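Structural overview
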Amino acid sequence: MNALLDLAAQQLRADLATAPGRVRQRLSDEGRAARCRTIAELRAAAKRSVPRPIFDYADGAAWDEVTARRNISAFEDVTLHPKALTDVSEIDLRTSVLGGEIALPIIAAPTGLTGLQHPEGEMAIARAAHAAGTITTLSTMASCTIEEVAAASDGRRWFQLYVMSDRGLVDSLLARAAEHGYEALMLTVDVQVAGVRERDVRNGFSVPPRISLKTLAQGVTHPRWSAGFVAHPRMVPANLGWEGSATATLASAVNRSFDPTVTWDDLADLRSRWKGPVIVKGVMRADDALRCVEHGADAIVVSNHGGRQLDGAAAAIEALPAIADAVSGRAEVYLDSGIRRGTDIVKALALGARAVLIGRALMYGLGAAGEAGARRAFSILEAELRVALALAGYPRAAEIGRDAVS
Ligand SMILES: Cc1cc2nc3c(=O)[nH]c(=O)nc-3n(C[C@H](O)[C@H](O)[C@H](O)COP(=O)(O)O)c2cc1C
Ligand SMILES: CC(C)CC(=O)C(=O)O
C-alpha cells in the first residue's frame, strides 16, 4: 500500500514539475495544431479562433452554397474498389508536376487576403508547403507581397493572376513574379465578376475592414487573433497599390478592378509573354479544356473556386473525368474544390488528376494555429493519403487509375 502511495506521489511530483511546460505547449500554435486530428477539427478550431466575419470569408461560398456542399458530397458518390494482395510496405507519394518532383500530390491553392486569418498569411503557407516538399501558389489578391513570400521560404512558387483592367498593373505583377522566381503563371478564369457570398454581405465584409463597435467586440473576444492583427495589420491586398484606399465591399472592389472582357485572346497574349509554364485555373468543361491545350496551356486546374463563384455549378470531381479524357495527356490536369480527406485525393488521382490543390484546408489551419496549423493541414492529408493508398492497394500515388473507382 505504502509503495503504491509513494509511486502515486512520485508521479504527481513529476507531473507538477513538467506542468508549466505542458501548459505552454498546449497553448502554443504547435500544441493547438497537434490537437486537431482532421481537417474538420482544424475548421472547428479556426471558427473559435478568428472573428466570425473572417472565418465566414474563408468558409463561405456563393448564394445558397449548394456547389460548395456538392464539392464535398460528390466525393462520397465516388466508390473505391480496393485491390487485394499488393505489397504496400512502401508508400510512394511523389509525383512530378511541370517537370519537377513534389513529395506529395498536394499543392497550396492561391488564396486572397490570407493575412486576415493570421498576419504571417501567405508567408506561413509558403513555409508549410515547402516543408511538406510541395509548391505554393501566391494569389494576385495576397496579403503579403511577391517579394516577401519569395524571401520567406526557398521552394517552388507559382503566381496566380487575375487580369485587372489596369493592364500596366498586370505587366508589373508579371515582371515582379518572374524576377522573384515564380516559375509558373496560373491564370484564374472563373472570377469574371465577383461571386455573391451572402455571408460576406450580411457581415458587411469589406476591404480594408470597416472598424465598428461590432468589429471591436469581435476583437475583444478573440484576443490572440487581435494581438496578431494589431501588431501586423494586413488589411488590403499587398501587391495592387490599394493601401490607403477607401473601404469597399470585397465584391465592389473586385468588380471595379478586375477586367470582365477577358477572353481566349488574353490567354494567347499571356502565353506568348510569360516565359515559363502557364496553368489555367477554373476550367469545368471538356471543350474549354481542349481550347486551353490549343492555346498552349501546360496545365489546367479543374475547379469551381470552392463553390465561391457560380452556385449551381457541378462539383469539380464530377467534371474531372470528361476533362481528363479530353485532354488525354496533352496538358497536366489538377483538381481543387472540396478536398478534406486523404480518400478525396485518392479519388481525384484515380479520375485523372495528377495533383490536387487545397484552399480552405490551409485557411482553417492558418486561422486555428498560424504556420503550425497550415503544416498540420498538410500532415493530416498526407497521413490519410498514405493509409488510404495502402488500403486501396496502390502503393504509388502516381500509378492509381480509373479501375480503382466507380
Ligand atoms: C479565402 C479564399 C480565398 C481565395 N482566393 C483566391 C484567389 O485569390 N485566387 C484564386 O484563383 N482562387 C482563390 N480561391 C479559390 C482557391 O484557390 C481554390 O480554388 C478553392 O479554395 C478550392 O476549394 P477548397 O477551399 O474546397 O479547397 C480562394 C479560396 C478561398 C477559400
Ligand atoms: C478577392 C477574391 C475574388 C479572392 C478570391 O478569389 C476569393 O475570395 O475566392
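All values derive from a computational prediction rather than experimental measurement. (Residues numbered from 1 in each chain as written. Chains lettered and ligands numbered in written order. Predicted model: local features only at pLDDT ≥ 70, side-chain atom pairs only at ≥ 80, totals over all residues. Heavy atoms only, no water.)

Digging into the overall build of the protein
Along its length, the protein carries 17 helices and 12 strands. Taken against the 2.2 N^0.38 rule, which gives 22 Å for 406 residues, the C-alpha radius of gyration of the protein at 22 Å falls within 12% of a compact globule. By its C-alpha atoms, the protein is 85 × 60 × 40 Å across when sized along the principal axes. Residues classed as buried in the protein amount to 55% of the 406 residues present. In the protein, the share of contacts with a sequence separation of at least 24, taken over all contacts with a separation of at least 6, comes to 76%. Charged side chains in the protein number 46 positive and 47 negative. The centres of these two groups are separated by 6 Å. (Helix = DSSP H or I, 4+ residues; strand = E, 2+ residues; numbered from the N terminus. Rg over C-alpha atoms; globule rule 2.2 N^0.38 Å. Buried < 20%, exposed > 50% of the residue type's maximum accessible area, 1.4 Å probe, protein only. Contact = heavy atoms within 4.5 Å. Lys, Arg positive; Asp, Glu negative; His and termini not counted. Charge placed at Lys NZ, Arg CZ, Asp CG, Glu CD.)

Notes on helix H5 (residues 66-76)
Residues of H5 that are buried: Thr 67, Ala 68, Asn 71, Ala 74 and Phe 75. One side of H5 holds all its buried residues, which, seen down the axis, span an arc of 130 degrees. In H5, those exposed residues whose orientation departs by more than 90 degrees from the buried face are Arg 69 and Glu 76. The elements touched by buried residues of H5 are helix H15 (316-327), strand E11 (332-335) and helix H16 (342-350). (Arc of directions from axis to C-beta.)

Re the pairing of strand E12 (residues 355-358)
Here E12 shows two buried faces, one formed by Ala 355 and Leu 357 and the other by Val 356 and Ile 358. In this sheet, E12 lies alongside strand E3 (residues 106-108) in parallel orientation, the contact comprising three bridges. Among the inter-strand pairings, Ala 108 is bridged to a residue of E12, identified as Ile 358. Strand direction decides the pairing type here: E11 and E12, joined by two bridges, are parallel. The partner of Leu 335 across the bridge, within E12, is Val 356. Once the chain exits E11 it traverses H16 before rejoining the sheet at E12, and the crossover so formed is right-handed. (Pairing = 2+ DSSP bridges. Right-handed = clockwise from strand over helix to strand, strands pointing away.)

Quick word on the UniProt feature "domain: FMN hydroxy acid dehydrogenase" (unreviewed entry) in the protein
In this numbering, the UniProt entry assigns the feature "domain: FMN hydroxy acid dehydrogenase" (unreviewed entry) to residues 31-406. Between the end C-alpha atoms of residues 31-406 the distance is 39 Å, and the span holds 45% helix and 12% strand. (UniProt positions renumbered as here; feature names shortened; annotations may be inferred.)

A word on the nonpolar core
One finds Phe 159, Leu 161, Ile 300, Ile 317, Leu 335, Phe 378 and Leu 389 to be the most contacted residues of the largest nonpolar core, which totals 115 residues. Examining the composition of this core, we find that 17 residues originate from one element, helix H17 (residues 360-392), more than from any other. Ignoring sequence-local partners within four residues, the contact set of Phe 159 consists of Leu 138, Ser 139, Thr 140, Ile 146, Leu 173, Ala 177, Tyr 182, Ala 184, Leu 185 and Met 186. Judged by nonpolar contacts, the second largest core, of 15 residues, contains Val 97, Ile 135, Val 301 and Tyr 334. (Core = buried A, V, L, I, M, F, W, Y, C linked by side-chain atoms within 4.5 Å.)

Observations regarding the packing of aromatic side chains
Counted by the stated rule, this structure contains six aromatic pairs. On the basis of an interplanar angle of 85 degrees and a centroid distance of 6.2 Å, the ring pair of Phe 159 and Tyr 182 is categorised as edge-to-face. Here Tyr 182 lies in the loop between helix H8 (167-179) and strand E6 (184-188) and Phe 159 lies in strand E5 (residues 157-161), a separation of 23 residues in the sequence. Accessibility classification places Phe 159 together with Tyr 182 in one group, the buried group. The aromatic ring of Tyr 182 is capped on one face by Arg 157, whose charged end is 4.8 Å from the ring centroid. (Phe/Tyr/Trp six-rings, centres within 6.5 Å; stacked < 30°, edge-to-face > 60°. Lys NZ or Arg CZ within 6 Å of the ring centre and 35° of its normal.)

Looking at the site of ligand 1
Near ligand 1, the surroundings consist of 21 residues, among which Pro 110, Ser 139, Thr 188, Asp 336 and Arg 360 are the closest. Residue Lys 281 places a side-chain N or O atom 2.9 Å away from a nitrogen atom belonging to ligand 1. Contacts to ligand 1 include His 305, whose side-chain N or O atom sits 3.4 Å from a nitrogen atom. Taking 600 Å² as the accessible area of ligand 1 by itself, protein coverage stands at 98%. Of the residues in the shell around ligand 1, the class split is five nonpolar, 11 polar and five charged. (Near = heavy atom within 4 Å. Polar contact = N/O pair within 3.5 Å; in protein donor to acceptor, adjacent residues only side chain to side chain. Areas by Shrake-Rupley, 256 points an atom, 1.4 Å probe, with all protein chains shown as cover. Nonpolar A, V, L, I, M, F, W, Y, C, P; charged D, E, K, R; others polar.)

Brief notes about the site of ligand 2
Close contacts around ligand 2 come from Tyr 57, Met 141, Tyr 162, Arg 197, Leu 250, Val 254, His 305 and Arg 308, and that covers them all. At a separation of 2.8 Å, an oxygen atom of ligand 2 approaches a polar side-chain atom of Arg 308. Protein chains bury 94% of the 280 Å² of accessible surface belonging to ligand 2 in isolation. Residues belonging to the shell around ligand 2 are distributed by class as follows: five nonpolar, one polar and two charged.

Let's talk about the environment of Thr 221
Mapped onto the secondary structure, Thr 221 falls in helix H10 (residues 213-221). Look at Thr 221 and you get exposed, because its relative accessible area is 55%. Taking the C-alpha atoms as reference points, Thr 221 and Ser 73, separated by 148 residues in sequence, lie 33 Å from one another. Within the structure, the side chain of Thr 221 is placed 3.3 Å from the side chain of His 222, a separation counted as a polar contact.

What about the environment of Asp 190?
Tracing the backbone through its elements, the reader meets Asp 190 in the loop between E6 and helix H9 (198-203). You can call Asp 190 buried: its relative accessible area is 10%. If we skip the residues at most four places from it in the chain, Asp 190 touches Lys 281, Gly 282, Ser 303, Asn 304, His 305 and Gln 309.

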